[in-house]
Amino acid sequence: MSIVWVDDLAGIDWNELSELYRIAPLGNKNPADLALVFGNSMFRVFANEDGRIVGAGRVLADGRDCAYLCDVAVHPDRQGRGLGRDIIERLLVHCRGHRKIILYAVPGKEGFYERLGFRRMTTAMAIFEDQAGAYGRGYLTAP
Ligand SMILES: CC(C)(COP(=O)(O)OP(=O)(O)OC[C@H]1O[C@@H](n2cnc3c(N)ncnc32)[C@H](O)[C@@H]1OP(=O)(O)O)[C@@H](O)C(=O)NCCC(=O)NCCS
């Protein structure tokens, strides 16, 4: 099967994308919220195969300085076959010219990003809406 790459939001089924994130798994993401955040992202890629979305990712960017990769996921049927790498490489092409490209990995996925050239930051910090949950899921370390 060949992958068809899309970045136009017009034909995206947000319910289908929400389901992709649920089963990937990358959490429960409301379809309307996905339409909002992808619409507000400077770059995005969707990988389609046989008429269904099998991978996606997006970048919040300012056009020169900072680019933030998020919501990268591959359908479980398609994981482990290079599609995640292809998504990141396509997003990185879009990010050319930015001085820094930043992300935070789901715990356990750091190696995936290290293979693609990302290195650990020593001073990255965050405020999460659900700060207690972020501690619980391993995104934050105690002060
Ligand atoms: C993480 C994810 C996007 C990777 O996509 P994928 O298509 O399965 O990965 P690929 O097949 O492209 O892997 C590329 C390389 O990374 C490696 N890799 C993949 N997952 C890895 C992991 N968890 N740890 C270390 N290396 C990993 C692969 O072995 C491969 O190595 P190679 O280049 O030496 O062959 C996918 O597993 C996924 O959607 N997971 C659930 C959602 C998620 O966690 N998203 C990431 C949010 S930070």
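Below or above, wherever it landed, is the structure these notes cover. (Residues numbered from 1 in each chain as written. Predicted model: local features only at pLDDT ≥ 70, side-chain atom pairs only at ≥ 80, totals over all residues. Heavy atoms only, no water.)

**Details of the overall build of the protein chain**
Formally: A helix here means a DSSP run of H or I that spans at least four residues, while a strand means a run of E at least two residues long, and both kinds are numbered starting from the N terminus. Atoms considered for the radius of gyration are the C-alpha atoms alone. The globule rule reads 2.2 Å times the number of residues to the power 0.38. A simple rule labels every residue: compare its accessible area, found with a 1.4 Å probe on the protein chains alone, to the largest value its type can have, and call it buried under 20%, exposed over 50%, or partly exposed in between. Should any heavy atoms of two residues lie within 4.5 Å, those residues are counted as being in contact. Each accessible area value is a Shrake-Rupley result obtained with a 1.4 Å probe; residue values ignore everything except the protein chains displayed when judging cover. Only four residue types enter the charge count: Lys and Arg as positive, Asp and Glu as negative, with His and the chain ends excluded. The atoms used to mark charge sites are NZ of Lys, CZ of Arg, CG of Asp and CD of Glu.
From N to C terminus, the protein chain includes five helices and five strands. Secondary structure elements in the protein chain, listed N-terminal to C-terminal, are β-α-α-β-β-β-α-β-α-α. Relative to a compact globule of 143 residues, whose C-alpha radius of gyration would be 15 Å, the protein chain shows 15 Å and is just as compact. Projected onto its principal axes, the C-alpha coordinates of the protein chain cover approximately 45 × 35 × 30 Å. Buried positions account for 35% of the 143 residues belonging to the protein chain. Put simply, 59% of the contacts in the protein chain that link residues at least 6 apart link residues at least 24 apart. When the accessible area of the protein chain is evaluated, it comes to approximately 8,800 Å², of which 50% is carbon and sulfur surface. Of the side-chain charges in the protein chain, 18 are positive and 18 negative, and the distance between the mean point of each set is 7 Å.

**Focus on the nonpolar core**
As a reminder, the rule being used: Working definition of a nonpolar core: buried Ala, Val, Leu, Ile, Met, Phe, Trp, Tyr and Cys residues. They are joined through side-chain atoms within 4.5 Å.
Val-59, Leu-69, Ile-87, Ile-88, Leu-91, Tyr-113 and Phe-118 are the most contacted members of the largest nonpolar core, which has 19 residues in total. Where this core is concerned, the elements lending two or more residues are β2 (43-49), β3 (52-61), β4 (66-74) and α3 (83-95). Counting residues per element, this core draws most heavily on α3, which supplies five residues. Beyond its immediate chain neighbours, meaning those up to four positions away, Tyr-113 contacts Val-72, Ile-88, Leu-103, Ala-105 and Phe-118. Membership of the second largest hydrophobic core comes to 13 residues, among which are Leu-9, Leu-17, Leu-20 and Ala-24.

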